[in-house]
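Breakdown of the fold
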Amino acid sequence: MSERAIAVLTSGGDAPGMNAALRAVTRAGIAEGFRVIGIRRGYNGLLNKDVFDLKLRSVSNIINRGGTVLYTARSEEFNTPAGVKKAADSCRELGICGIVVIGGDGSFRGARDLSGQGIPCVGIPGTIDNDIACSDYTVGFDTAMNTAMEMIDKIRDTAQSHDRCSVVEVMGRRCGDIALQTGIATGATAILVPEVPYDFEKDVLGRIRAAQSVGKSHFVIVVAEGVGGIDKLAHDIEECTGIESRATVLGHVQRGGSPTIRDRVVASEMGSKAVDLLKQGIGNRVLAVQNGKIVDLDITEALSLERKFDYELYKTALKISI
Ligand code: ATP
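Values in this document were obtained by computation on a predicted structure and should not be read as measured data. (Residues numbered from 1 in each chain as written. Predicted model: local features only at pLDDT ≥ 70, side-chain atom pairs only at ≥ 80, totals over all residues. Heavy atoms only, no water.)

Structurally, the protein chain comprises domain 1 (5–140 + 259–304) and domain 2 (143–256). Of note, the centres of domain 1 and domain 2, computed from C-alpha atoms alone, are 35 Å apart. The partner domain 2 presents 12 residues to the 12 residues of domain 1 that form the contact. In this assembly, domain 1 packs against domain 2 so that about 1,000 Å² is buried in total across both faces, 50% of it on carbon and sulfur atoms. Applying the counting rule to domain 1 against domain 2 returns two salt bridges. In this structure, the salt-bridge partner of Asp14 is Arg255, at a minimum N-O distance of 2.9 Å. Residue composition of the side of domain 1 that touches domain 2, grouped by class: three nonpolar, four polar and five charged. (Domains from an automatic or database assignment. Contact = heavy atoms within 4.5 Å. Buried area = accessible area lost by both parts, 1.4 Å probe. Salt bridge = Lys/Arg side-chain N within 4 Å of Asp/Glu carboxyl O. Nonpolar A, V, L, I, M, F, W, Y, C, P; charged D, E, K, R; others polar.)

Shown next, in the form of structure tokens:
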């Protein structure tokens, strides 16, 4: 067996499709003649040398599973210059010549720092939030949106039966993409996202009243996590309109579940591409989806980009959600 080893870890919040990515890294890595090492619980596992060999059959039957079989963590110790140095020393002791880091922005900062210590790292965007500026898409986003959509459909059934207003909070941290797309997909009367400041009178009450005036008798308001405050919102809607209102936070249900085909395929492609880069000794790169293609970028450059919100889609949502 080759002496050269590559490793793979998952870090930050878990996302459906992480398993598909690490499966692809394992299989592509072995096909390229690498020994493949799994690191448990993100950068913590590197510091503690909590690692194990990944074989072809170690990753059997995980492409369809949510979460991450490598476990994930946020590591305070790694997030210091001494921690990064210790992690690089661990890599040298373990014979690791490159690492695939599956996670979000924070995990990529770690990958950049580790690359700076001579350990080439390639990042794969794995987060349900779709909040990575350099990439049009992050692994886990599609599954999370589909879960949120199914849940809101169910909430809408009961809202309709009782002529109610349902205010539903979806995840996404500071990014409104899950709210925007699930709001469109579930016919929400109003969609509140952190990227667009809102006025309660105009953007919530005004939209409910406009829909009411054309015969609508139940309402769904989708609110992004980054806006929050849905209990007060539901209370204020009921007080101002007399429409019985309920608040629901969907929460972590959106992080679990079997990944959709899109998440499995993007994760698989990225896992394989990450191995290609490491095979060439190329590190400090992050993979991204841009215009439907998978590309790689310098991590520092990628981290300096600003996320773009789809204002056109937002305007479309406002037009048709009546
Ligand atoms: P998600 O978006 O799902 O939360 P994330 O990767 O952004 O994922 P973070 O908690 O921000 O999640 O980062 C994960 C880990 O990456 C941290 O616990 C830390 O160990 C490491 N990390 C974060 N920022 C840095 C940094 N500036 N330098 C080195 N390591 C970092």
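Here we come to the site of the ligand. Taken together, 17 residues form the shell around the ligand, and within it Arg74, Ser75, Gly104, Ser107 and Arg173 come nearest. Contact between the ligand and Gly104: an oxygen atom at 2.9 Å from a main-chain N or O atom of the residue. Arg173 is positioned with one of its side-chain polar atoms (N or O) 2.3 Å from an oxygen atom of the ligand. Taking 620 Å² as the accessible area of the ligand by itself, protein coverage stands at 84%. Here the ligand is seated within the largest pocket. Residue contributions to the shell around the ligand peak at six residues, all from helix H4 (residues 105–116). (Near = heavy atom within 4 Å. Polar contact = N/O pair within 3.5 Å; in protein donor to acceptor, adjacent residues only side chain to side chain. Areas by Shrake-Rupley, 256 points an atom, 1.4 Å probe, with all protein chains shown as cover. 1 Å grid on protein atoms, 1.4 Å probe; cavity = no way out; pocket = protein on both sides within 12 Å on 5 of 7 lines; lining within 4 Å. Sits in = over half its atoms within 2 Å of the grid points. Helix = DSSP H or I, 4+ residues; strand = E, 2+ residues; numbered from the N terminus.)

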